[in-house]
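Okay, here's what each chain looks like letter by letter:
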Amino acid sequence: MYKWMLPSLSEILAENQSSVAECSPAKAERQWRVSLAATEHLLLNTLASAWVDTSQGLVLAAPAPLFSQPKLTQRLQTVTFTAKPFNPLALMPFQMPDAIASVNEEIAPHESVLSLLPADPLGAEQFCLVFTDKFSLVLVLATHKNGKKTFSFSFEPEVVQQAWRSLGARVMLANPDFFARLDTLVQKYSMVAPDCGIMIQFSQLLLQELTEAEETKESLVGTGDKEDKENNPCPMPNAQCPNPDVELLQAFAHEVRTPLTTIRTMTRLLLKRRDLDASVINRLKIIDHECTEQIDRMELLFKAAELETTTSAKSPKTQLTPMSLDQVLQQSIPRWEQAAHRRSLTLNVVLPQQLPTVVSNPMILDQVLTGLIENFTRSLPAGSHIQVQVIPAGDQLKLQLSPQFGCKDSSKAAIPATPPIRKALGQLLMFQPETGTISLNIAATKHLFQAIGGKLIVRQRPHYGEVLTIFLPLEVSNKHQFGAKA
């Protein structure tokens, strides 16, 4: 019987570590997610903050790109390996079959996709190899034939080098030219052991993520009375009783995000080609936009699911830092305007002359605000107008969303606004039958804003409909007066 000769990445790590214990799929996947989150934060902290023309790192990942933060995607070159390659002909049916080869041969400048052979055991592994000037790292989540999973990682330069040699050998067999270029990229980053500062920083980030994960796990215990617990015991002593709504939402968000990320990666590769018709480019841009929008929604749903499992009196622990609201709004407002335009709405944003520094989580705030605007526009009839106003409110900054429904004919009486019909879907979601939209419910959205240092208030006003008000705390050293500008 034929035996695959090249070792998988999990086998390489197992040979170089004293023990890699098999565990339940849920536990190994949790270790994988926690370590990826710590790696993402480490990259954000260690990459140069100033914009540079050249790439600052290389990421080899499977089965889909793992980091979606713009600060990382713009500074890292990414190569994705997949056992189920996306077919470019599905987007470009008029292209000849050699279009597939040209996509696999193209190297970056930021994203490329390569296929693994069907028999390759690497297809059963999720992995991430990171190469930067300051450190190199390999993380692997492997699924075994007995259904168990193992997670392992290593900063050791020799282990990372062995992992690259095994992965590179596969590339060389399938595409020698691509391997030569990819190997040149890898060799740009010196394989040296990271200094103590990097290791301490990663350990702190890992501990922080693990603490949050443990708090989430503990909060999954049922909160019923003693009789309920006796009648519905967990299968093992001291075991956790998970909330099925939350677990289902987390699994759903992960399963949707993964293929969408692959489709977006392939779409962006096709957009780099110079031989495409303008109509094809426009369609690809639409695909890219829709994928990005839905990926952001899935990430928000996943984050909300994590936060909603926290039942303690304290607010969920999320890293809050002083941040420029002006920068967030400059990136967000064009997307808000697009969302309004797609639904035949008009949107006006009124900002103060000088936006202050607020204290929040920059990686989540943009997603939460965009998701809120998106849901807000879906609940309004065509022809409505939305005003977004940002004004000071003591030691906070107030951002208010107000709809205007009435026609401009002053001789006609304004018609009271009718609240949209919303039906609950489990603990976190709501469904609007009129639009077919599924989104986070108000309670989960409020919890998200609380987690990033803010507060959301929803009021129903006659003739105005639903008015949303968001409060964000100002940085202590930046509490000053503003003038208004439109």
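Residues numbered from 1 in each chain as written. Predicted model: local features only at pLDDT ≥ 70, side-chain atom pairs only at ≥ 80, totals over all residues. Heavy atoms only, no water.

**Some remarks on the sheet that holds strand β14 (residues 437-440)**
- A sheet is described by the order of its strands in space; here 3 strands give the open sequence β12-β13-β14, paired in antiparallel fashion. Edge positions in the open sheet fall to β12 (423-425) and β14, since each of these has one partner strand only. Neighbour to neighbour, the strand axes of the sheet diverge by 35 degrees on average, direction disregarded.
- Here β12 runs beside strand β13 (residues 429-432); their pairing, made up of 3 bridges, is antiparallel. Considered in β13, the bridge of K423 is made with F431. (Pairing = 2+ DSSP bridges. Helix = DSSP H or I, 4+ residues; strand = E, 2+ residues; numbered from the N terminus. Axes fitted to C-alpha atoms, helices over the stretch in contact; angles between N-to-C directions.)

**Remarks on the packing of aromatic side chains**
- Inspection of the entire model under this criterion finds 8 aromatic pairs.
- Judged by centre distance (6.0 Å) and plane angle (10 degrees), the ring pair of W164 and F179 falls under stacked. Within this pair, whereas W164 is found in helix α5 (residues 157-174), its partner F179 is found in helix α6 (residues 176-187), the two being separated by 15 residues in sequence. Across this residue pair, the class does not change: W164 and F179 are buried. (Phe/Tyr/Trp six-rings, centres within 6.5 Å; stacked < 30°, edge-to-face > 60°. Buried < 20%, exposed > 50% of the residue type's maximum accessible area, 1.4 Å probe, protein only.)

**Here we look at a positive patch on the surface**
- A surface patch of like charges, here positive, comprises K446, K455, R459 and R461.
- In terms of residue count, the dominant contributor to the positive patch is strand β15 (residues 455-461) (3 residues).
- Looking at the secondary structure, you find R459 in strand β15.
- On the basis of relative accessible area, R459 is assigned to the partly exposed category, the value being 44%. (Patch = residues over 30% accessible without salt bridge, like charges linked within 9 Å, V, L, I, M, F, W, Y side chains within 5 Å. Areas by Shrake-Rupley, 256 points an atom, 1.4 Å probe, with all protein chains shown as cover. Salt bridge = Lys/Arg side-chain N within 4 Å of Asp/Glu carboxyl O. Lys, Arg positive; Asp, Glu negative; His and termini not counted. Charge placed at Lys NZ, Arg CZ, Asp CG, Glu CD.)

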